[in-house]
Each structure stands twice: as structure tokens, then as C-alpha cells.
Amino acid sequence: MEHYDGENDYMHQEDDWDRDLLLDPAWEKQQRKTFTAWCNSHLRKAGTQIENIEEDFRDGLKLMLLLEVISGERLAKPERGKMRVHKISNVNKALNFIASKGVKLVSIGAEEIVDGNAKMTLGMIWTIILRFAIQDISVEETSAKEGLLLWCQRKTAPYKNVNIQNFHISWKDGLGFCALIHRHRPELIDYGKLRKDDPMTNLNTAFDVAEKYLDIPKMLDAEDIVGTARPDEKAIMTYVSSFYHAFSGAQKAETAANRICKVLAVNQENEQLMEDYEKLASDLLEWIRRTIPWLENRLPENTMQAMQQKLEDFRDYRRLHKPPKVQEKCQLEINFNTLQTKLRLSNRPAFMPSEGKMVSDINNAWGSLEGAEKGYEEWLLNEIRRLERLDHLAEKFRQKAAIHEAWTEGKEDLLQKQDYETASLSEIKALLKKHEAFESDLAAHQDRVEQIAAIAQELNELDYYDSPSVNARCQRICDQWDALGGMTVKRTEALQRTEKLLETIDQLYLEFAKRAAPFNNWMEGAMEDLQDTFIVHTIEEIQGLSTAHEQFKATLPEADKERLAILGIHNEIAKIVQTYHVNMAGTNPYTTINPQEINAKWDKVRQLVPQRDQALIEEHARQQNNERLRRQFATQANVIGPWIQTKMEEIGRISIEMHGTLEDQLTHLRQYEKSIVNYKPKIDQLEGDHQLIQEALIFDNKHTNYTMEHIRVGWEQLLTTIARTINEIENQILTRDAKGISQEQLNEFRASFNHFDRDHSGTLGAEEFKACLISLGFDIANDAQKRTGIMDAEDFKTCLISMGYNLGENEFSRIMSTVDPNRMGIVTFQAFIDFMSRETADTDTADQVMASFKVLAGDKNYILADELRRELPPDQAEYCIARMAPYTGPDGVPGALDYMSFSTALYGESDL
């Protein structure tokens, strides 16, 4: 017997079938019937068939014919003799052909087949079925049994009463077979009339329809499946594989288009990565070119400040400017390696940057930068130490000069001030004390002036580079010092003379101030009260203000007597000032109040009294009118406000209930919207009343809790809510028609959505959305698993099988980014429906892409622009048209494009 290793090892378990199970008469009966029907479905193409599977294959002739039909190849010429040796020879030729196809035959010999061993014959036929009917089945990079099971699960997923988990008990109720037929040929079966509790009807319906319309022979009877606790797995697999081959062709065009889209998307992404690398490399090289000359500059400066600025600039370069460039250089290398890896994994040629922009070129330029940088900081520090020794003495001069100048600043203006001419007696005494203190301070600063002059002389002797400015500054200090001495003597004499004149009239000013202050306060308070812009809201408040005003008017005669007494004191002071010619400038050291202010304020009080009387009368009339307007507005607002709230609640209930079809719901909502719009005149009438209230400056209304803003906002929300609800129903109709979603599916989606929308907000949070997905059959699995960093073959196969169906936290985050792109943490019902309709893409190779283009081209060797625009999205269709070369074959037509060279160019096998 021949053995093999390699990609077909997965069949080893199937070859090592549970032979003991064949002892079960029910299973053996099912296998006989199924395998016989399967063999006859192929043998009839050659004009023959078998009746007894273990008898009709004994001479090997029909066995060899079967293999020729299903493989399309010619076997060795059979022996036509009737002897046992001839039969064994024919069977061995058949078995050798099976082995040549990479199938390991375990314990199956020609003698057992010739002897009519039923168990061995059924095992051999099962091996042939696996190799020629099941092995080539591939769904999302899975194959054989797993691929066929995944295909069944995919196709029956929309049918909530079908759950395919295996090839035995999952098919007993017959709904799985009916669902496969209905999914691809819905006109053949009225699936809605099937019942899970009537498996005989379901199975007979599926088998009869498959035999009549799909050319799938009846391989089992309904009684064979229903009558056993666990139907034979191999019989079911054989039967289901016939359905797969009958329907698999319908998906080729869709798969071809998806494959092309994915290939083009990868190619576009790689081109963008190349452009990004070129730009980043150019920017980094340009920065290095500009930085190196700056680091190579060793020209010293004359001042410490200039050299310190250079040092600070260098430190900013090391701390602020260079680190981001180090990161850019590292990122550039990472991006280059990532791009090369992506190109290699997608079978594209390696990326070759422009001349001078290789990673090695950037490393060489970076090395030149660090060479120029070396030693620059040490040179800067040595220069600073040299200048520090020279500048130390100059800094000492500047410090002492600055201290002295700061002390003398404003001293000349202070000594020349004639503030004593308008000062009071107490201010003159204070000025004298302050001046005595200044004289003492002036004498103490004599030593500092002498030190400044000595330091300036020393700098001149040492030939300091900035000696001219030092000498000029020293001369200004000495000149200013002499001027301060003369001004001090003159101010002393002026202060003493003024002090003697002011003492004679101080007592009279004091008496005036004691009487004038309280009277002035009384008048200011009266004016403030009379001019107070009162704000009242009721008639009672305005009556209280009128009573207080009458009491104030009764106090005016006594106030006039006090005014006349205070003016008499001021007249006495004026006589004394005129007699002694004292320049008092009309001020009183004890008060700022003067007779003119007293008289003016008194006149103002007399004017304000009648004005206050009139204002109180007018306000009383206005309050009566305001009360009428308040009651008029409140009467309408107390009706409209509750009406709006009631309508909002009714719309909320309508939006989550499901009564009738979507079109019925839409018609009902539009009628409801019309009744709401008809209510607008009452809102407009209330707006008119509100305008009158605003014009009257009424800001509160005790007769109602509703404001016009509440009514406006409620009205706008009511209109927006009914419009949004109508739009949601319209979008559901569009989604249903565009995606082919049935009314029952939409109702199911809405029911699930409403169930988890517990606050009736019309949206789902992330956790509500996850729970909703689980309720619809999605497996939200735990991400926790072993993390060794590697996968064995079986682990990797399991990972591939589960892609797209086993949603962990990462996959759920990806789904959330699709249904909630703005990251608001909520999912609308429309986004929910769009997600439930979405499908996944496929993988690609150059040959697959070429084959896909051939499908789109109708099996031609070229493709037309119109065919590309019809089958592909607009941007990717134009991408292909712009890059495809004209087709030059003898069978071409005008406008024909060469998709074969284009497909190979995508994978680097030719120029694009």
C-alpha cells in the first residue's frame, strides 16, 4: 500500500474511520443507500449504474469507470477476464489510482473488495468521496470537513430555528436541508410553512426538491434519518457535499469582485506608505544639512551674555530640537522595515527609495551631524570661563552704579517739588521729618560714590573694552551727586517758612470740618434715596415707597438751618486768609467739603423731591397694567405646555412600538405630524402675548410655571422628534429594500434593539449593544487564552476557522468603531441594522485576482472599462482603468484592457 504525508494529513482521521460503527445495521443501511446514490449520480454520465454496492464493484470494471468519471482522467486498460486474478488486477489499478492522488488507504486490499466485503467496500467508497467530493471544499482558508461545516453554518445563519453544529443530529429535523435550498433558491420551498416538529415532511420536501430541480439524487430516505438516534455522519456529509457543489458556483462572481477590491486596497496603501517614507526622509536630510554648519561655527563673542546665549542655544538644540529628530530617524527605520514586511507578505517587490534616501544614506548623514556636534559644548564653556575673568570687575562696577542710580532715581524731582505750597500743617511737619531723614541718607551714600569712581579708574588702567561707557556713567553719577547737595539746602529753608504760616488758621479749618461732614452725608443720602431707580413687582410695594417719601419731606426745614450755620464758619476763614495773604489754594486739611458743594447739593435735593412724587404715581399705574398682562399669558401657557408634553410622550411610545408594516407606521406618523402642525396658530397667539410682556419688562409670573422659552423649546423638540422618527422609518425602509432584509428580520432587529434599550432613548450603550449581539447569535468570547508566542498547526487552523465569528473584546472594539465612528458610546438603530447586513471580504493571490477579473470579463482574455465600472466601486474602477495596458491579443476589440498583465504587476511579476 502507498502512504503519503503533506497537506492532506487532515484526512488521516477520516481514513481511520470508526469501522466498528459499521456493525450498526441502521448506519450500514444509510451508508449503502447514500454511497450507492452518490456513485450512480456519476456513473449515469457514462450510461450505467450499480444496484448492489459490494457486488457490482467486485470485478473492478465499474470501480475504474467511476474513478475515470469523477477525476476526468483515463486509468490503465482493465482486464476483461472473469477469473479472480483479473478482478484483483482491476481493483488494484483502481486502488493504485486513488493512492496516486495522495490518499492513504488503510487496511483496504483488492482481495477484500473482490470477495464482496461490505465493510471494506463502504470504506473504500468513503475514501473516494472524501478525496473527490469533499477535499477541495474551501471556505475562508478552511478545508474538508471543517470547511463544509462552516459553509453550512454560514448559509443557515439567518434561520433562527436551524443550528448546524455537526453532520448527524443537527440534520434530523430536516430544516437544515430546507434552509440550504431556500437560501439559494427561495422560490422552490415555502420555508415559512415548515415546522420543526414535523421532520418527515421537512426531509421529504428537501430530498424531493433537490432531486427534481437541483439534479441531486435522493441518497437517503426520511425514515433512515428520523428512525435513528444519531444518523450516520458520512452519509450526511456525502449528501450535504452534493448541495455544496450544486450551489458553490453562484458565489464566484461576488468572491472575484471582493478579491480584486482587497488587492487594489493593499496596493494603494503600500503606495501611500512609500510616499510617506520619501517625504520623511527628505525632511530629515534637509534638517541635518541646515544644522551641521551651525555646529561647525567656532567664532567667539566679546561678551559673556553672547557666549551664554550660544551655550543656551546649544542646550536647546540638545534638549528640544534634536530629540524629535532622533525619534523621526528611528521611526523612519521602523516604517521602512514595516513597509518591506508588508510588501513581502503580500507578494510585492521590495521598496527601493530614491537615490540618496536609503536608510544607510540617512545613517551616514547622521554620523556627520554627530561629528560636528562633538566638542562644540566644550569650546563654548572654555570661552565663557575666559570672558568671566574679564567681566568680573566690570560687573562689580555695574552693580554698585546700579544701586546708586536706583537710590538717586527721583531724588531731584523730590527736592524740586513745591508740594509745601498747598500742604496742610500736619503735612508740612511730616515733610520736614522726611527731609531730615533724607539729609542723613545723603551723607551715608558719600562712600559709595567714592568707590564707584575708584573702580572706574581701575577699569581704565586695565584697558577694558567698554571703558568709554564706564567713564561716561561714572561722570554722570558725580555730577548728579553735586546737584543733589545744593537742592537739599534750598528745600530745607522753604519748608520751615511755610510751617509758621499754616499754624495760624488750622483751628478754624478744624471747626468747619466737624460741622460740614455730617450735614454733607445727610444730603448725599437724601439724593441717593430720591434718585434710587426702584424696581417693584406689586402695587403693595409701590404704596410702601410713597409713605416713606412723605416722611422724608417733613425733615427739610431743620436741615436748612444747619446749612446756614456751616457757611458762616467758612466766611470767617476767608477773612483771615485774605488778611495774611496765605496761599491756601481753597483747601481744608480736615475735609474735602466746600461751601459750593453744600449749596449745590441742597439745591439738588429740592429739585429731586417733586420728581420723586411723579415717578411714584407713574409706577403705580404701570403695575396695574402688568398684572393684567400676567394673567392673560398664564391662561394660555397653562394649556399649551401640558399639551406639548403629552404629544412628546405619545411620540416616544410610537417610536418603540411595532404595529403593522414600516409603510403603515410611516403613514400613521405623517398624519400625526399634520395634526401637530395644525396647532401652530395657538403658539403664535401666545408669542404675541409674550411680546407684550417683554415690552412691559415683566420678568416673573406667579400665575404659571411656563415661560415662553419653555414653550418654544418644547414646540421645537416636538417638531424635531416627529421629523426624526419619520426619517428613521424611511431609513429602515431604504435599508430593508437595499439590503434585502425581510419585514420579519427588521421586526426581530427592532424587538432585540427595544429590549436592550431599557431607558427608551432610541440608542444602545456599548454594554447594551454587546448583550443585543449575544441575543442574535453572536459569540462574544473571552479573549483569555494561552499566550506562548507560537501556534501549532491545529491551533492556527482553529484560529482561522473562528475569524469573524468568535468576537473577543478586540473584535468587539472593531465592531463598535464601525457602528459608532464618532466614539459617542451609543449605537443607533440605523447603525445597528447596517451592521447586521454587512459581509466580510476574501484573501487573494495573483492567480486568484486574474481568475476574478476573468469572471467579471465573461471568460474573455480582456476586459472593458464599462465592465469594470459596473462591477467595482467608482474609485477602484478608475484606478484599474488608469493603470491597465491596452489588450494586444488577436481577439481584442477597441477599448479592450489587459487585466492579466495588470494582475501580475500588482504582485511585482511585471511593471505596473
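Per-chain numbering applies: the sequence of each chain, read as written, is numbered from 1 onward. For this predicted model, a pLDDT threshold of at least 70 governs which residues receive local features, and a threshold of 80 or more governs which side-chain atom pairs are given and counted, while totals over whole chains, interfaces and linings are taken from all residues. Side-chain descriptors were evaluated using all non-hydrogen atoms of the structure, hydrogens and water having been removed beforehand.

- The name given to the protein chain in an unreviewed UniProt entry is Actinin, alpha 1, and the organism recorded there is Xiphophorus maculatus.
- UniProt positions are given in the numbering used here, feature names are shortened, and annotations may be inferred rather than shown by experiment. Entered under Sequence similarities (unreviewed entry) in the UniProt record, the comment concerning the protein chain runs "Belongs to the alpha-actinin family."

1. A few points about the overall build of the protein chain
And step 1. Starting at the N terminus, helices and strands are each numbered in turn, a helix being any DSSP run of H or I of at least four residues and a strand any DSSP run of E of at least two. Per the secondary structure count, the protein chain includes 36 helices and eight strands.
And step 2. Using a 1.4 Å probe on the protein chains alone, a residue whose accessible area is under 20% of its type maximum counts as buried, one over 50% counts as exposed, and one in between counts as partly exposed. The proportion of buried residues among the 912 residues of the protein chain is 41%.
And step 3. About 50200 Å² of surface is accessible on the protein chain, with carbon and sulfur atoms providing 51% of the total. Throughout, the Shrake-Rupley method with a 1.4 Å probe supplies accessible areas, and for residues the shown protein chains are the sole cover considered.

2. Comments concerning unusual backbone geometry
And step 1. Unlike most non-glycine residues, Asp 215 shows phi in positive territory, near 60°.
And step 2. A positive phi angle, close to 55°, is found at Leu 697, a residue other than glycine.
And step 3. Within the secondary structure, Leu 697 is located in the loop between α26 (680-695) and α27 (708-739).
And step 4. Residue classification places Leu 697 among the exposed residues on the basis of a relative accessible area of 56%.

3. Some thoughts on the pattern of salt bridges
And step 1. What counts as a salt bridge is simple: a side-chain nitrogen of Lys or Arg found within 4 Å of a carboxyl oxygen of Asp or Glu. Counting across every chain of the model gives 51 salt bridges.
And step 2. We note a salt bridge from Asp 613 to Lys 553, for which the minimum N-O separation is 3.6 Å. Remark: Lys 553 occurs in helix α22 (residues 539-553) and Asp 613 occurs in helix α24 (residues 595-656); sequence separation between them is 60 residues.
And step 3. A cluster of three or more residues bridged by salt bridges with shared partners is formed by Lys 29, Lys 33, Asp 208, Lys 218, Asp 221 and Asp 224.

4. Details of the side chain of Arg 491
And step 1. With respect to the helices, strands and loops of the structure, Arg 491 is situated in helix α20 (residues 467-502).
And step 2. On the accessibility criterion, Arg 491 (6% relative accessible area) is buried.
And step 3. Whether two residues are in contact is decided by their heavy atoms, any of which lying within 4.5 Å being enough. Sequence-distant contacts of Arg 491, defined by excluding residues within four places in its chain, comprise Leu 414, Leu 415, Lys 417, Asp 419, Tyr 420, Leu 431 and His 435.

5. Some words on the nonpolar core
And step 1. Core analysis: the biggest nonpolar cluster contains 76 residues, and Ile 128 and Phe 177 have the highest contact counts within it.
And step 2. With eleven residues, the top contributor of residues to this core is helix α7 (residues 118-134).
And step 3. Not counting residues within four places of it along the chain, the set of residues in contact with Phe 177 comprises Trp 171, Leu 203, Ala 206, Phe 207, Ile 236, Tyr 239, Val 240 and Phe 243. In this text, buried Ala, Val, Leu, Ile, Met, Phe, Trp, Tyr and Cys residues form a nonpolar core when linked through side-chain atoms within 4.5 Å.

6. Comments concerning helix α9 (residues 175-184)
At 3.6 residues per turn, the α-helix brings residues three or four places apart onto the same side.
And step 1. Extensive coverage of α9 is indicated by the burial of eight of its ten residues.
And step 2. Within α9, burial applies to Leu 175, Gly 176, Phe 177, Cys 178, Ala 179, Leu 180, Ile 181 and His 184.

7. Section: the packing of helix α8 (residues 144-156) against α9
A pair of packed helices is captured by two measures, namely the crossing angle of their axes and the spacing between those axes.
And step 1. Interaxial angle, 0 to 180 degrees, is taken between N-to-C directions of lines fitted to C-alpha atoms, where a helix line uses only the stretch in contact. The contact between α8 and α9 brings their axes to 9 Å, and the two run at 70°. When the interaxial angle is binned, α8 and α9 end up roughly perpendicular. Crossing geometry of α8 relative to α9 is assigned as left-handed. Facing Trp 151, Cys 152, Arg 154, Lys 155 and Thr 156 of α8, the residues of α9 in contact are Gly 176, Ala 179, Leu 180, Arg 183 and His 184. Each angle gets one of four labels, with under 35 degrees taken as roughly parallel, over 145 as roughly antiparallel, 65 to 115 as roughly perpendicular, and the rest as oblique. We call a crossing left-handed when the near helix sits turned anticlockwise from the far one by less than a right angle, and right-handed when that turn is clockwise.

8. Things to note about the packing of aromatic side chains
And step 1. A pair of aromatic rings is counted whenever rings of Phe, Tyr or Trp (Trp by its six-membered ring) have centres within 6.5 Å, and the orientation is called stacked for planes under 30 degrees apart, edge-to-face for over 60 and tilted otherwise. Scanning the model with the defined rule gives 29 aromatic pairs in all.
And step 2. Between the aromatic rings of Phe 35 and Trp 126, the centroid separation amounts to 6.1 Å while the plane-to-plane angle is 10°, which identifies the pairing as stacked. Residue Phe 35 is found in helix α2 (residues 25-43), and its partner Trp 126 is found in helix α7; the two are separated by 91 residues along the sequence.

9. A few points about empty space enclosed by the protein
And step 1. Buriedness of a pocket was judged along seven lines, with at least five required to meet protein on both sides within 12 Å; pockets are open sets of points on a 1 Å grid over the protein atoms alone, cavities are sets where a 1.4 Å probe fits but cannot get out, and lining residues have an atom within 4 Å of a point. Grid points are joined across faces, edges and corners, and a volume is the space filled by probe spheres set on the points. Under the criterion given, the structure shown has three cavities of 30 Å³ or more.
And step 2. There is about 70 Å³ of room inside the largest cavity.
And step 3. As for the largest cavity, its lining consists of Leu 414, Leu 415, Leu 431, Lys 434, His 435, Phe 438 and Arg 491.
And step 4. Sorting the residues of the lining of the largest cavity by element identifies α17 (411-416) and α18 (425-444) as the ones contributing at least two each.
And step 5. Sort the elements by how many residues they give to the lining of the largest cavity and α18 lands first, with four residues.
And step 6. Side-chain classes are defined by residue name, with Ala, Val, Leu, Ile, Met, Phe, Trp, Tyr, Cys and Pro counting as nonpolar, Asp, Glu, Lys and Arg as charged, and the others, Gly among them, as polar. Tallied by class, residues from the lining of the largest cavity come to four nonpolar, one polar and two charged.

10. A short note on the environment of Val 449
And step 1. By the secondary structure assignment, Val 449 is in helix α19 (residues 446-461).
And step 2. Given the relative accessible area of 7%, Val 449 is considered buried.
And step 3. In this structure the C-alpha to C-alpha distance between Val 449 and Cys 474, which are 25 residues apart in sequence, comes to 8.8 Å.
And step 4. Ignoring anything within four residues of it in the chain, the contact list for Val 449 reads His 404 and Trp 481.

11. Some details on the side chain of Asn 626
And step 1. Its place among the elements puts Asn 626 in helix α24.
And step 2. Given the relative accessible area of 3%, Asn 626 is considered buried.
And step 3. Contacts of Asn 626, omitting those with residues within four sequence positions, involve Ala 696 and Ile 698.

12. Structural notes on the environment of Leu 545
And step 1. Tracing the sequence through the fold places Leu 545 in helix α22.
And step 2. For Leu 545, a relative accessible area of 28% gives the class partly exposed.
And step 3. A sequence separation of eleven residues divides Leu 545 from Phe 534, and the C-alpha atoms of the two residues are 8.8 Å apart.
And step 4. Non-local contacts of Leu 545, meaning those with residues more than four positions away in its chain, are made with Phe 534, Val 536 and Leu 616.

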